[in-house]
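# Tertiary structure, described
In case you want the letters, here they are:
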Number of protein chains: 2
Amino acid sequence: MDTPRYTDLVQSLPANVPFVGPEEQERARGAPFAARLGANENIFGPSPSAIAAMRAEAENVWKYGDPTSHDLRAALADAMGVATGNILVGEGIDGLLGNLVRLLIGPGDAVVTSDGAYPTFNYHVTGFGGVLHKVPYRDDHEDLAALMTRAHEVGAKLIYLANPDNPMGTWHQGTDIVAALDQLPEGCLLLLDEAYVEFAPEGTAAPVAGNDPSVIRMRTFSKAYGMAGARIGYAIGAPDLIRSFDKIRNHFGMNRMAQVGALAALNDTAWLADIQAKVAVARNTIARIAAENSLVALPSATNFVAVDCGRDGDFARAVLAALVARGVFVRMPFVAPQDRCIRISCGRPGDLEVLADALPPALAEARG
Amino acid sequence: MDTPRYTDLVQSLPANVPFVGPEEQERARGAPFAARLGANENIFGPSPSAIAAMRAEAENVWKYGDPTSHDLRAALADAMGVATGNILVGEGIDGLLGNLVRLLIGPGDAVVTSDGAYPTFNYHVTGFGGVLHKVPYRDDHEDLAALMTRAHEVGAKLIYLANPDNPMGTWHQGTDIVAALDQLPEGCLLLLDEAYVEFAPEGTAAPVAGNDPSVIRMRTFSKAYGMAGARIGYAIGAPDLIRSFDKIRNHFGMNRMAQVGALAALNDTAWLADIQAKVAVARNTIARIAAENSLVALPSATNFVAVDCGRDGDFARAVLAALVARGVFVRMPFVAPQDRCIRISCGRPGDLEVLADALPPALAEARG
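A brief look at the structure comes next. What you see is a predicted model, and the numbers here were worked out from it, not measured in a lab.

Turning next to helix α3 (residues 48–57) of chain A. Of all the residues in α3(A), the buried ones are A:A50, A:I51, A:A53, A:M54 and A:E57. Taken end-on, α3(A) shows its buried residues confined to a sector of 165°, consistent with a single buried face. Those residues of α3(A) that are buried lie in contact with α10 (256–267) of chain A together with α10 (256–267) of chain B.

Moving on, we get to the pattern of salt bridges. Residues and elements named next belong to chain A. Enumeration according to the criterion identifies 40 salt bridges over all chains in this entry. Here R340 and D308 are joined by a salt bridge, their closest N and O atoms 2.8 Å apart. Residue R340 is located in the loop between β11 (328–329) and β12 (341–345), and its partner D308 is located in strand β10 (residues 304–308); the two are separated by 32 residues in the primary sequence. Like D308, R340 is buried.

Packed helices, taken two at a time, are described by their axes: the angle between them and the distance between them. All names here are of chain B. Where helix α4 (residues 70–80) meets α10, the axes come as close as 9 Å, and the angle between the chain directions of the two elements is 25°. Judged by the inter-axis angle, α4 sits roughly parallel to α10. Where α4 crosses over α10, the handedness of that crossing is left-handed. Contact residues: α4 offers D71, L72, A75 and L76, while α10 offers Q259, A262, L263 and L266. Class assignment of the residues belonging to the contact of α4 with α10 gives a composition of 6 nonpolar, 1 polar and 1 charged.

Here the focus is the packing of aromatic side chains. In the structure shown here, the tally under the stated rule is 16 aromatic pairs over all chains. For the pair A:F19 and A:F334, a centre-to-centre distance of 6.3 Å together with 35° between the ring planes defines the contact as tilted. Here the residue A:F19 occupies a position in the loop between α1 (8–12) and α2 (22–29), and A:F334 occupies one in the loop between β11 and β12, the gap between them amounting to 315 residues. Its relative accessible area of 14% is what places A:F19 among the buried residues. We classify A:F334 as exposed; its relative accessible area is 52%. A connected cluster of aromatic rings, assembled from ring pairs, spans A:F19, A:Y118 and A:F334. Geometry around B:F128 places A:R102 over its ring, the cationic atom sitting 3.7 Å from the centre. Its end group placed over the ring of A:F315, A:R311 keeps NZ or CZ at 4.4 Å from the ring centre.

Looking now at the interface of chain A and chain B. By convention, interface size is frequently given as the accessible area that disappears when the constituent parts associate. Facing 87 residues of chain A, the contacting portion of chain B comprises 87 residues. Interface of chain A and chain B: buried area, both sides summed, is about 7,100 Å²; carbon and sulfur atoms make up 57% of it. On the chain A side of the interface with chain B, the three residues burying the most area are A:W62, A:Y64 and A:K247, jointly 12% of the side's total. Counting across the interface, chain A meets chain B through 6 salt bridges. With a shortest N-O distance of 3.6 Å, A:R55 and B:E59 are connected by a salt bridge. Put simply, chain A and chain B have 52 residue pairs in polar contact (both at pLDDT 80 or more) between them. Of all elements in the fold, only α1, α2, α3, α5 (92–104), α6 (119–127), α9 (239–244) and α10 of chain A reach the threshold of two or more residues within the side of chain A that touches chain B. With 5 residues, the top contributor of residues to the side of chain A that touches chain B is α5(A). Looking at the side of chain A that touches chain B residue by residue, the class counts come to 39 nonpolar, 24 polar and 24 charged.

As a further point, take the sheet that holds strand β3 (residues 110–114) of chain B. All names here are of chain B. If you walk across this open sheet you meet the 7 strands as β2-β8-β7-β6-β5-β3-β4, and the pairing is mixed. The open sheet has two edge strands with one neighbour each: β2 (87–90) and β4 (131–135). Direction aside, neighbouring strands of the sheet carry axes that sit 20° apart on average. Relative to β2, α4 is tilted by about 130°, and along the sheet it contacts β2, β7 (215–220) and β8 (233–236). Of the strands in this sheet, β3, β4 and β5 (158–162) touch helix α7 (residues 144–154), which is tilted by about 165° from β3.

This part takes up the relation of the copies chain A and chain B. The operation relating chain A to chain B is a screw motion whose rotation component is 180°, with 0.0 Å of axial translation and a residual RMSD of 0.0 Å. Expressed as a symmetry operation, the mapping of one chain copy onto the other fits a two-fold axis. Judged by C-alpha distance, A:R55 is the residue of chain A that lies nearest the rotation axis, at 2.3 Å. Same-surface contact between copies: 100% of interface residues of chain A are shared with the interface of chain B.

The next subject is helix α11 (residues 269–292) of chain A. Residue and element names in this part refer to chain A. The end-to-end C-alpha distance of α11 is 35 Å, a good match for the 34 Å that 24 residues give at a rise of 1.5 Å each. Among the residues of α11, L272, I275, V279, A282, R283, T285, I286, I289 and A290 are the ones counted as buried. For α11, the secondary structure elements touched by its buried residues are β9 (296–297), β10, β12 and α13 (349–366). Following α11 by one or two positions, S294 has its phi on the positive side, about 60°.

The next thing to look at is the side chain of B:N293. With respect to the helices and strands, B:N293 occurs in the loop between α11 (269–292) and β9 (296–297). Contacts of B:N293, omitting those with residues within four sequence positions, involve B:L359, B:P360, B:L363 and B:R367.

Cut-offs applied
- Residues numbered from 1 in each chain as written.
- Chains lettered and ligands numbered in written order.
- Predicted model: local features only at pLDDT ≥ 70, side-chain atom pairs only at ≥ 80, totals over all residues.
- Heavy atoms only, no water.
- Buried < 20%, exposed > 50% of the residue type's maximum accessible area, 1.4 Å probe, protein only.
- Helix = DSSP H or I, 4+ residues; strand = E, 2+ residues; numbered from the N terminus.
- Arc of directions from axis to C-beta.
- Contact = heavy atoms within 4.5 Å.
- Salt bridge = Lys/Arg side-chain N within 4 Å of Asp/Glu carboxyl O.
- Axes fitted to C-alpha atoms, helices over the stretch in contact; angles between N-to-C directions.
- Parallel < 35°, antiparallel > 145°, perpendicular 65-115°, else oblique.
- Left-handed = near helix turned anticlockwise from the far one by under 90°.
- Nonpolar A, V, L, I, M, F, W, Y, C, P; charged D, E, K, R; others polar.
- Phe/Tyr/Trp six-rings, centres within 6.5 Å; stacked < 30°, edge-to-face > 60°.
- Lys NZ or Arg CZ within 6 Å of the ring centre and 35° of its normal.
- Buried area = accessible area lost by both parts, 1.4 Å probe.
- Polar contact = N/O pair within 3.5 Å; in protein donor to acceptor, adjacent residues only side chain to side chain.
- Pairing = 2+ DSSP bridges.
- Least-squares fit on C-alpha atoms with pLDDT ≥ 70 in both.
- Expected span 1.5 Å × (residues − 1).

Spelled out as C-alpha cells, the structure:
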C-alpha cells in the first residue's frame, strides 16, 4: 500500500497549474521582464493611504486578523447599500471561488461556464469533481442566453459569468444580466464575477438585490484597488449563502495588513477615480499601438485590452512568444477563436513604450 | 427546489466555528482586553527586519505574490537541510491542514487524533466528511502508542500529532516520535504539527528524513516568528506529497508582504534567540503567579502555559470567565480531564502584571 492514500478524486486530477507566474518565467529566461503586462495587475499601484495603513499595521502582525473582518465588512456593506450579513471577505476571488465550489459541487455535479473563461474557476470545479459544460463566446462576448439554455439542459447547480469578461474585456449591461435571471433554472446559482467592474462604464454592475438567493457576486481589491499581492476580495449574496461559508472557510485566513489596507483603499475614492482615468488613457494607448501595427484592439471595460493579431491561434502564440522574448510579459486567451488575440494589461506610459518598441519586431518574427 | 443546492456533505455540517476571535469578544463586552493572552500569539512581535521588509514591500502589493514562493522555499530548504522539493509554503498551518485533509480524506475515511487536540484540524476533517477517532491524553501528553494502536484498529489514513502539544504545552522527544514510526500502519500518514517547536528544548524536533513518505511536518511563522496575522507557514515532506498540493492549492494565494517578511524573519536568528529567552522568562513568571495563587503550572515547551485550576472543568470555566470579565483574554482546553486547566499565553511583563492582578479576584469569584 502506498503512503499516503490520496482520495480517488485527487488521484484523478491533473497536476496542471492554472497560470505560471512571471517570476518563474523570469528565472527561466534569466532576466527580469522590462514590462509586466500579463496578469492584469494594476501597475499604478494601491492608494497611498492603503500603503500607509499596511505599513503601520506591519508591527501588529503578531496578532491574528479578525476572522469576521468586521470593520471592512461594515464599510463594504455601506458602500454596496446592503447589510453586513450580505458580505463575506475572503482571500481574493480565487479563494472565494474555491470555497463556493466546495459548498455546491461534488463529483458529477454540472457547472456551466464559457469556453475560454477564467481557468482558475474551472480548476476549482474539476478539483471538487464537478463536470464543466462550456458554451462558446458569441461575438467575443460571454453568451448570456446560451449559458442559461445549457444550464437547463444539464441541470447545472452553478453558472459562472464574468462581467466584464476576462480575457476578452467585453461586457454586458447590468440590466441585461438581471433580465436574464428570469431564464435561470430553479436551483441554479449565478456566480457573477465582477473583478473588473470598477473599470467598466456606468451601468455594467448588475443591480442585483442584496438578498436575492439566485446570485452571488464577487469583487476584489486586486484590480482597481491595486492590491493583488494582498489577497483580499469579497462576495455579496443572500445571508444564508454568506453564512454557509462559515462551515468550511479558513476563519483565521485573512492577513491583517490586507484587512486594514483594503479599508483604507475603499475610502480613498479620489485615488480610485485617478486610477480609472489612467487606465482609460492606457487602453487608448494600447489601441493606438495596435493600430500602428495594423492590428485591431477590442473594446474593453477592464484594465486590459485584447488585441486581435488577425490570424489564428498559432500566429498569436508566436507573437506572444516573441514579445516575451523581448521582455514584455503578456498572456493570451486559451481557446479558439478568441486565441487569435493577445491580452495586454494597462501600464504606465513607460511600460507601453516598451510594448510599442517590441511589437513591430515581434510581429515581423511571428510572420517569419 | 431551494437555491443554491449545497452538497449533501455541506448540508450535514454544523455551522460552528473553531474559535471566536478576541475582537469579537471585545465588541461584545464593549471594551478592549487589557491583556491579550488567549491565542498563543507572540506578543513580543516579529523581527524588526521582518517589519522593515513588509513595510518596504507594501508599495509592491499591486503584484501577485510568486505562486512558487521560490526564494522563501529555498531558504527554508537550506535551514532544514532538505531540498526545495521537500518544502511547501502555504497560508499558515490552518491553510495547509485544510489542503492536506482534502488530499487524503473523503466521506467515511478514518482519521486519528487526541481528544482535545487542535480543533481546527478536526474542523477540516469533518468538513471533508472524514471520521475522527480520538484517543485520550495520557498524563497530559498526547499518547503516541495509543494513537498508533487506534490507527491500526480503524484503518486510519492520517494521524494528527502536535509536538509540542497544544493546548497542554507538553512534549515528546523527537527520537521517540521517530521510533514510534515503526508502529505506523502501512498507508497511514503521520501529520506532525510542529507549530511551537522553536520554543521547545533541543531534541524536541523529530529528526525525520526529508523524503520519508510516511510523515509530513508543518511549521509556521505565526508563533516564534511573531507573524500570526501574516498567514504563512510551511510543510516539509516527501516530494511526491509536496507536489500533490499543486493539484488543489490556491496557487496565487500567498500575500507578498508575508513572503518577504517570513524570509527576513528566518534570517534574523538573533531575534529568534531573544524571543526564545523572553518566552522562557514569561513561562516562569506565569508559573510563579500560578503558585502564588496555589495553582500548579504544567511544564511547557511552548509560548503558553496550562495552569491547573485544581478542580473540574466547570470550575476552570468559571475562572476563565472571571478573567475575561477582568479584561484578560485567555482560553482553555475543551476536553476533560484537561479542562481542569486554563491556557495562558506568554506576555510581556506588563501583560503578566495584569494577569497577576486579575487572578486572585477571578479565583475568589469562581469559588463563589
